[in-house]
Amino acid sequence: MFEYTAPNNLLQDKIILVTGAGSGIGRTAALNFARHGATVILLGRTTSKLEEVYDEIEENGWPQAAIYPMNLAGASEQDYANLAETLDKEFGRLDGLLHNAGLLGELKAIAQYDLDKWNEVMLVNVTAPFLLSREVLPLLRKAKSGSIAFTSSSVGHQGRAHWGAYSISKFATEGLMQVMADEEDGLSQVRVNTINPGGTRTAMRASAYPGEDPMSRPTPEDIMPLYLYLMGDDSQSVSGKAFHAQLPGNPENIATL
Ligand SMILES: NC(=O)c1ccc[n+]([C@@H]2O[C@H](COP(=O)([O-])OP(=O)(O)OC[C@H]3O[C@@H](n4cnc5c(N)ncnc54)[C@H](OP(=O)(O)O)[C@@H]3O)[C@@H](O)[C@H]2O)c1
């Protein structure tokens, strides 16, 4: 695991947007960000799930969250512009953006891969993070040290048979991160990195590996040190890097990651 111990107030006064915040890794990340002092904007497609996260944050007395229901598969350019405008009005800046929502699509060979499925996976995993990043970039630039973390995968580093659009979308995610990190370098304080969570105990993992014992995988909570590190100021000068949440590493040793 990536080794990092976050101080309790690591994210105090930070405004962080999390996509896919209603379940899986995104839910756990949103709760952890709030527990460390952040005001979290919970974005996702299922309002009832977002409300549960909102309630849990409130019950714990952490900074009040905000809910922003949005289906990334159906959102228009104007929807993203409206989101950015709302954030600007409410907060005037954005300190962190965790692109976490993702779609597995179907596990099939390219020879059999369905075009509609392909388009849907690309829309949710690549086009949505592109549009969201583009629209909120001005708000991230207004923060003292804005952080964008994209969510990648092992199959975004090494292609694997039958992982189809998902694998290719994660390669594109790595590319988007590298292009944006290079563009912001010297231009703004915004840093841009990717996280590969590694096999983690969630609904997505269970549908990709139905025969696997879920207890053999780490929980979303186990992989949080890297998520906290990348949203907090200890990673302020780190950009353009691909992180692996479950591989050994620590902030002092970033160059070797
Ligand atoms: N778990 C793993 O082993 C693993 C490994 C490598 C990478 N990852 C990546 O980690 C991220 C989180 O995965 P997970 O395992 O937590 O998956 P998950 O349990 O399936 O959760 C995915 C999240 O994305 C949301 N989402 C999906 N389609 C959406 C859409 N059209 N609009 C808005 N939100 C949408 C889901 O919302 P609903 O709950 O409303 O459906 C859910 O909150 C993904 O990017 C995934 O590719 C996971």
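Look up a bit, the structure's there.
How each quantity is defined
- Residues numbered from 1 in each chain as written.
- Predicted model: local features only at pLDDT ≥ 70, side-chain atom pairs only at ≥ 80, totals over all residues.
- Heavy atoms only, no water.
- Near = heavy atom within 4 Å.
- Polar contact = N/O pair within 3.5 Å; in protein donor to acceptor, adjacent residues only side chain to side chain.
- Areas by Shrake-Rupley, 256 points an atom, 1.4 Å probe, with all protein chains shown as cover.
- Pairing = 2+ DSSP bridges.
- Helix = DSSP H or I, 4+ residues; strand = E, 2+ residues; numbered from the N terminus.
- Right-handed = clockwise from strand over helix to strand, strands pointing away.
- Phe/Tyr/Trp six-rings, centres within 6.5 Å; stacked < 30°, edge-to-face > 60°.
- Buried < 20%, exposed > 50% of the residue type's maximum accessible area, 1.4 Å probe, protein only.
- Lys NZ or Arg CZ within 6 Å of the ring centre and 35° of its normal.
- Axes fitted to C-alpha atoms, helices over the stretch in contact; angles between N-to-C directions.
- Parallel < 35°, antiparallel > 145°, perpendicular 65-115°, else oblique.
- Left-handed = near helix turned anticlockwise from the far one by under 90°.
- Contact = heavy atoms within 4.5 Å.
- Nonpolar A, V, L, I, M, F, W, Y, C, P; charged D, E, K, R; others polar.
- Salt bridge = Lys/Arg side-chain N within 4 Å of Asp/Glu carboxyl O.

## Notes on the site of the ligand
Within the structure, the ligand sits among 29 residues, and Ser23, Thr46, Lys49, Tyr166 and Thr202 are positioned closest to it. One nitrogen or oxygen atom from the side chain of Thr46 is found 2.4 Å from an oxygen atom belonging to the ligand. One of the side-chain N or O atoms of Lys49 is found 2.7 Å from an oxygen atom in the ligand. For the ligand, whose accessible area on its own is 900 Å², the fraction buried by protein is 93%.

## A look at the pairing of strand β3 (residues 66–69)
In this structure, strand β2 (residues 39–44) lies alongside β3, joined through 4 bridges in parallel fashion. By the bridge assignment for β3, Ile41 is matched with Ala66. As for the winding sense of the linkage, the β-α-β connection from β2 through helix α2 (residues 47–59) to β3 is right-handed.

## Focus on the packing of aromatic side chains
For the structure shown, the criterion picks out 7 aromatic pairs. Here Tyr229 and Phe243 contribute two aromatic rings whose centre-to-centre distance is 6.3 Å and whose plane-to-plane angle is 65°, an arrangement assigned as edge-to-face. Within this pair, whereas Tyr229 is found in helix α7 (residues 224–231), its partner Phe243 is found in strand β7 (residues 242–244), the two being separated by 14 residues in sequence. Since its relative accessible area comes to 1%, Phe243 is described here as buried. Through a chain of ring-to-ring contacts, three or more aromatic side chains come together here, namely Phe2, Tyr4, Tyr229 and Phe243. For the cation-ring pair, Arg160 lies above Trp163, with the distance from its terminal atom to the ring centre recorded as 5.5 Å.

## What about the packing of helix α1 (residues 24–35) against α7?
At a minimum axis distance of 10 Å, the contact between α1 and α7 shows a crossing angle of 55°. Between α1 and α7, the angle is such that the two are oblique. Of the two elements, α1 crosses α7, and the hand of that crossing is right-handed. Facing Ile25, Thr28, Ala29, Asn32 and Phe33 of α1, the residues of α7 in contact are Met224, Tyr227, Leu228 and Met231. Its residues assigned to classes, the contact of α1 with α7 comprises 7 nonpolar, 2 polar and no charged.

## Examining the environment of Ile148
Position of Ile148 relative to the elements: it lies in strand β5 (residues 147–151). A relative accessible area of 0% places Ile148 in the buried class. In this structure, the C-alpha to C-alpha distance between Ile148 and Asn193, residues 45 residues apart in sequence, is 6.4 Å. Those residues in contact with Ile148 that lie beyond four places of it in its chain are Leu97, His99, Leu137, Leu140, Met180, Val190, Arg191, Val192 and Asn193.

## Notes on the sheet that holds β5
Taken together, the 7 strands give an open sheet; going across it, the order is β3-β2-β1-β4-β5-β6-β7, and neighbouring strands pair in parallel fashion. Strands with a single pairing partner mark the edges of an open sheet, and in this sheet they are β3 and β7. Put simply, the sheet's adjacent strands are angled 20° from each other on average, direction ignored. The pairing of strand β1 (residues 15–19) with strand β4 (residues 96–99) spans 3 bridges and is classified as parallel. Bridging from a neighbouring strand, Leu17 pairs with Leu97 of β4. Across the face of the sheet, helix α3 (residues 77–90) comes into contact with β1, β2 and β3 while running at roughly 170° to β3.

## Thoughts on the pattern of salt bridges
Counted by the stated rule, this structure contains 11 salt bridges. For the salt bridge of Arg134 with Glu77, the shortest nitrogen-to-oxygen distance reads 2.7 Å. Highlighted residues: Arg134 in helix α4 (residues 115–142) and Glu77 in helix α3, separated in sequence by 57 residues. The class of Arg134 is partly exposed, set by a relative accessible area of 37%. Under the relative-accessibility criterion, Glu77 is labelled partly exposed at 48%.

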